[in-house]
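Per-entry structural report
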Amino acid sequence: MSSLKFHLSGESMTFNGKQTPLKEADFIFFGVPFDSTSTYRSGSRFAPDAIRQASINIETFSMRTGIDASDLKIYDSGNMVSKVGVKETLKAIVEVITDCIKMGKIPVMVGGEHTITLGAVEALRGGMIIIFDAHMDLRDRYPEDARISHATVSRRICEIVGDENLILLGVRAFSKEEYAYAKEKRIFFRTSEDLSKNLLKTVEDVKEKIKQAEKIWISIDMDVIDPSMAPAVGNPEPEGITTTKLLDTLKHIIDSRVVGFDLVEVSPHYDHGVTAIQAAKIILETCCLLEKIKL
Ligand code: MN
Ligand code: MN
């Protein structure tokens with residue numbers, strides 16, 4: 001489709017080391033090397049290539065699903081050509097994701113910073129958004145008077161889909177004002193402690209909440225994982241969940257209504273590769289979970 005050609009540049013290294021022709025692909029993987037609003041440890045623009053490299057150096061068989069990820073039909077369309085501003089970047093994402101969905105493919109968008117999820121939500125025009133994140137990202141403006149940034153992305157998402165269609169999972173780091181806002185607007189959230197100590201009850205609550213949803217987008221901010229396991233993120237926060245807990249949660253909630261997902265906020269220069277490896281595993285396993293529901 002036209003927007004893929006227009007917005008994406010080809011890459012020699014592909015995710016998972018394979019390249020399914022676009023026509024036959026079930027998944028379209030693309031990188032968005034955008035980190036202009038990062039306020040602490042920037043560099044997530046380097047994550048798509050770091051995650052590609054990690055993906056070709058880990059094992060592919062998924063015990064959780066019984067699927068070998070090397071059998072997945074993934075088309076890697078490279079990285080989005082860098083745009084100057086956040087609005088131009090979001091506009092390009094809307095076009096790419098709209099085309100992926102029109103083609104009946106599942107977009108797998110890899111950031112870059114969390115702001116890019118806003119483009120996916122705009123493309124979706126409705127549905128429920130499930131975000132895994134240490135943070136609520138519910139500030140109205142940050143930094144200073146910026147309306148669109150990694151710290152305000154969930155607030156802007158609420159304005160598009162409605163407060164009742166946002167689900168925040170694994171949160172543990174937010175301002176007094178964000179907490180008050182979440183309570184006032186009755187935003188559905190569960191903390192990292194809820195997931196760690198009572199996974200089954202938490203996923204039951206989530207399933208009840210998404211019962212009426214027609215379509216679902218999943219966004220994984222890598223800082224939801226504990227920094228001991230995923231240190232190279234833009235804004236690390238202690239007391240996170242394990243990768244296993246995240247993937248078990250996804251296993252419980254993923255069904256055929258999930259139209260796509262993103263993984264954001266890996267800032268690969270802050271460790272020796274372990275966070276990119278965790279990210280690659282999470283993406284492969286999530287694709288396997290999406291593949292499994294078709295079987
Ligand atoms: Mn975030
Ligand atoms: Mn975060």
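For the structure, see preceding data.
In this report, the structure presented in the accompanying data block is examined. Per chain, residue numbering runs from 1 following the sequence as it is written. Just so you know, chain letters begin at A and ligand numbers begin at 1, following the order they were written in. Local features in this predicted model are restricted to residues whose pLDDT is 70 or higher, and side-chain atom pairs enter the listing and the counts only when it is 80 or higher, whereas totals over whole chains, interfaces and linings include all residues. The side-chain quantities take in all heavy atoms of the structure and omit both hydrogens and water.

**Concerning the overall build of the protein chain**
Only runs of H or I of at least four residues qualify as helices and only runs of E of at least two qualify as strands under DSSP, and these elements are numbered from the N terminus. Scanning the protein chain for helices and strands turns up ten helices and eleven strands. Counting across all 295 residues of the protein chain, residues that qualify as buried make up 59%. Charge assignment in this entry is limited to Lys and Arg as positive and Asp and Glu as negative, and neither His nor the chain termini are counted. By convention, the charge on Lys lies at NZ, on Arg at CZ, on Asp at CG and on Glu at CD. On the protein chain, the mean spot of the 37 positive side-chain charges and the mean spot of the 43 negative ones are 4 Å from each other. Relative accessibility decides the category of a residue: with a 1.4 Å probe and only protein chains considered, values under 20% of the type maximum give buried, values over 50% give exposed, and everything between is partly exposed.

**Comments concerning the side chain of Ser 154**
Structurally, Ser 154 can be placed in helix 5 (residues 153-161). In what follows, a contact means two residues having at least one pair of non-hydrogen atoms within 4.5 Å. Excluding residues within four positions of it along the chain, Ser 154 makes contact with Ile 131, Met 136, Asp 137, Leu 138, Leu 166 and Leu 168.

**Observations regarding the pairing of strand 6 (residues 106-111)**
Among the six residues that make up strand 6, six are buried, leaving the element largely enclosed by the rest of the structure. Side chains Ile 106, Val 108 and Val 110 of strand 6 all project onto a buried face; the interleaved residues Pro 107, Met 109 and Gly 111 project onto the opposite face, where all are buried too. Any two strands with at least two DSSP-identified bridges between them are counted as paired. As paired strands, strand 2 (residues 27-32) and strand 6 are joined by six bridges and run parallel to one another. Paired with Val 32 across the bridge in strand 6 is Gly 111. Direction of pairing for strand 6 relative to strand 11 (residues 258-264): parallel, over a ladder of three bridges. For Met 109, the partnering residue across the bridge sits in strand 11 and is Asp 262.

**Details of the coordination of the manganese ion (ligand 1)**
Note on the manganese ion (ligand 1): its protein donors are His 114 (ND1), Asp 133 (OD), Asp 137 (OD) and Asp 221 (OD). The metal-donor distances range over 2.1 to 2.2 Å. In this structure, the manganese ion (ligand 1) lies 3.2 Å from the manganese ion (ligand 2), and both are coordinated by Asp 133. Note that Asp 133 is positioned in the loop between strand 7 (128-132) and helix 5 and Asp 221 in strand 10 (residues 216-221), a separation of 88 residues in sequence. Residues Asp 133 and Asp 221 agree in their burial class; the two are buried. Listed donor atoms are N, O and S within 2.8 Å of the metal (Na, K and Ca: 3.2 Å). As water is not included, a site may look incomplete.

**Thoughts on the coordination of the manganese ion (ligand 2)**
Every protein donor of the manganese ion (ligand 2) is listed here as Asp 133 (OD), His 135 (ND1), Asp 221 (OD), Asp 223 (OD) and Asp 223 (OD), and their distances to the metal cover 2.0 to 2.6 Å. Positions of the donor residues of the manganese ion (ligand 2), expressed as sequence spacing, correspond to D-x1-H-x85-D-x1-D. The class for Asp 223 is buried, based on a relative accessible area of 2%.

**Structural notes on unusual backbone geometry**
The omega torsion across Gly 111 and Gly 112 is 15°, close enough to zero to call that bond cis. As for its placement among the helices and strands, Gly 112 is situated in the loop between strand 6 and helix 4 (117-124). In this chain, Tyr 142 is followed by Pro 143 through a cis amide linkage whose omega measures -10°. Among the secondary structure elements, Pro 143 is positioned in the loop between strand 7 and helix 5. In this structure, Glu 144 takes a positive phi of about 50° despite not being glycine. Structurally, the position occupied by Glu 144 is in the loop between strand 7 and helix 5. The class for Glu 144 is exposed, based on a relative accessible area of 76%.

**Looking at the state of the cysteines**
By definition, a disulfide links the sulfur atoms of two cysteine residues through a covalent bond. When two cysteine sulfur atoms are found within 2.5 Å, that pair is recorded as a disulfide. Under the criterion given, the structure shown has zero disulfides. Between Cys 288, a cysteine without a disulfide, and Cys 287, which holds the nearest cysteine sulfur, the sulfur-to-sulfur distance is 7.2 Å.

**Considerations on helix 9 (residues 243-253)**
Among all positions of helix 9, only Thr 243, Leu 246, Leu 247, Thr 249, Leu 250 and Ile 253 are buried. Down the axis, helix 9 shows its buried residues gathered within 155° of arc, on one side only. Here the buried face of helix 9 lies against strand 7, strand 8 (166-171), helix 7 (192-197), helix 8 (199-209), strand 10 and helix 10 (274-292). Along the arc lie the directions from the helix axis toward the C-beta atoms.

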